[in-house]
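Next come the chains, spelled out residue by residue.
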Amino acid sequence: MDDLDQRLIAKLRHDARAPVADLAKALGVSRGTITNRMARLQRDGVITGYTLRLRPDATPDEIRAWTSLAVEGNQHRVIRALLGEPGVAALHDTNGRWDLLAELRVGSLAELSATLERIRGIEGVSASETSVHLRTLRG
């Protein structure tokens, strides 16, 4: 990836729905260049998709929590299982005491409980600690 790719990705991080013409103008290149770059970045797996981000208060009834997980054995198998779990909104590899950090988003406390039960039942998950998100102080 060169400087133009990096600048294009930065623009897309800010607004993934930005029109190609606007991106081209902002980056000082042609629309064709932007179209080709985006296609190559997608084909090469650098860009794996485009997503929707909501304001934190847009879903006021949603329960958010973070679960720190210790893994024994095959971490890749645990990761595959977690990525298939509907309550897991994001999954992060970490260092320190915990091996993985899962961001959970569910609709109710009962759903959170069921999600945690399924996660704790995954073979290889040896310990977990969950913190419920109460409010965002700075985002």
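What counts and what doesn't
- Residues numbered from 1 in each chain as written.
- Predicted model: local features only at pLDDT ≥ 70, side-chain atom pairs only at ≥ 80, totals over all residues.
- Heavy atoms only, no water.
- Salt bridge = Lys/Arg side-chain N within 4 Å of Asp/Glu carboxyl O.
- Buried < 20%, exposed > 50% of the residue type's maximum accessible area, 1.4 Å probe, protein only.
- Helix = DSSP H or I, 4+ residues; strand = E, 2+ residues; numbered from the N terminus.
- Contact = heavy atoms within 4.5 Å.
- Pairing = 2+ DSSP bridges.
- Axes fitted to C-alpha atoms, helices over the stretch in contact; angles between N-to-C directions.
- Parallel < 35°, antiparallel > 145°, perpendicular 65-115°, else oblique.
- Nonpolar A, V, L, I, M, F, W, Y, C, P; charged D, E, K, R; others polar.
- Polar contact = N/O pair within 3.5 Å; in protein donor to acceptor, adjacent residues only side chain to side chain.

Going through the model one piece at a time under the given rule, you end up with 11 salt bridges. Ionic pairing is found between Arg-105 and Glu-103, a salt bridge with its closest N-O pair at 2.8 Å. Glu-103 gets classed as buried once you look at its relative accessible area, which sits at 12%.

What follows covers the environment of Asp-99. Looking at the secondary structure, you find Asp-99 in the loop between strand E2 (88-93) and strand E3 (100-106). The spacing of Asp-99 and Glu-72 is 27 residues in sequence and 9.3 Å in space, taken between C-alpha atoms. With residues up to four places along the chain from it excluded, the contact list for Asp-99 reads Leu-69, Ala-70, Val-71, Gln-75, His-92, Asp-93 and Thr-94.

Further remarks concern the pairing of E2. Relative to E3, E2 runs antiparallel, the two sharing five bridges. In the strand pairing of E3, Leu-91 is matched with Ala-102. Hairpin connection between E2 and E3: a loop of six residues separates the two successive antiparallel strands, and Gly-96 in this loop has a positive phi of roughly 95 degrees.

A few words now on the packing of helix H2 (residues 20-27) against helix H3 (residues 31-43). When two helices pack together, their arrangement is given by the angle between the helix axes and by the axis-to-axis distance. For the pair H2 and H3, the least separation of the axes is 8 Å and the interaxial angle reads 105 degrees. Judged by the inter-axis angle, H2 sits roughly perpendicular to H3. Counting all contacts with H2, which are made through Val-20, Ala-21, Leu-23, Ala-24 and Leu-27, the residues of H3 involved are Arg-31, Ile-34, Thr-35 and Met-38. Within the contact of H2 with H3, the residues separate by chemical class into seven nonpolar, one polar and one charged.

So, on to the environment of Ile-122. Here Ile-122 shows up in the loop between helix H5 (109-120) and strand E4 (125-132). Measuring from C-alpha to C-alpha, the distance between Ile-122 and Val-71 comes to 9.8 Å, with 51 residues separating the pair along the chain. Filtering out sequence-adjacent residues up to four positions away, Ile-122 remains in contact with Val-78, Ala-81 and Leu-82.

Attention shifts here to the side chain of Arg-64. Here Arg-64 is to be found in strand E1 (residues 63-71). Residue Arg-64 is classed as buried on the basis of its relative accessible area, which comes to 16%. A polar side-chain atom of Arg-64 sits 3.4 Å from a polar atom in the side chain of Glu-103.

Right, let's talk about the packing of helix H1 (residues 3-14) against H3 for a bit. Packing of H1 against H3 brings their axes to within 11 Å, and their N-to-C directions diverge by 85 degrees. It follows from the interaxial angle that H1 and H3 lie roughly perpendicular. Side by side, H1 and H3 meet where Leu-4, Asp-5, Leu-8, Ile-9 and Leu-12 of the first sit next to Thr-33, Ile-34, Arg-37, Met-38, Arg-40 and Leu-41 of the second. Grouping the amino acids of the contact of H1 with H3 by side-chain chemistry returns seven nonpolar, one polar and three charged.

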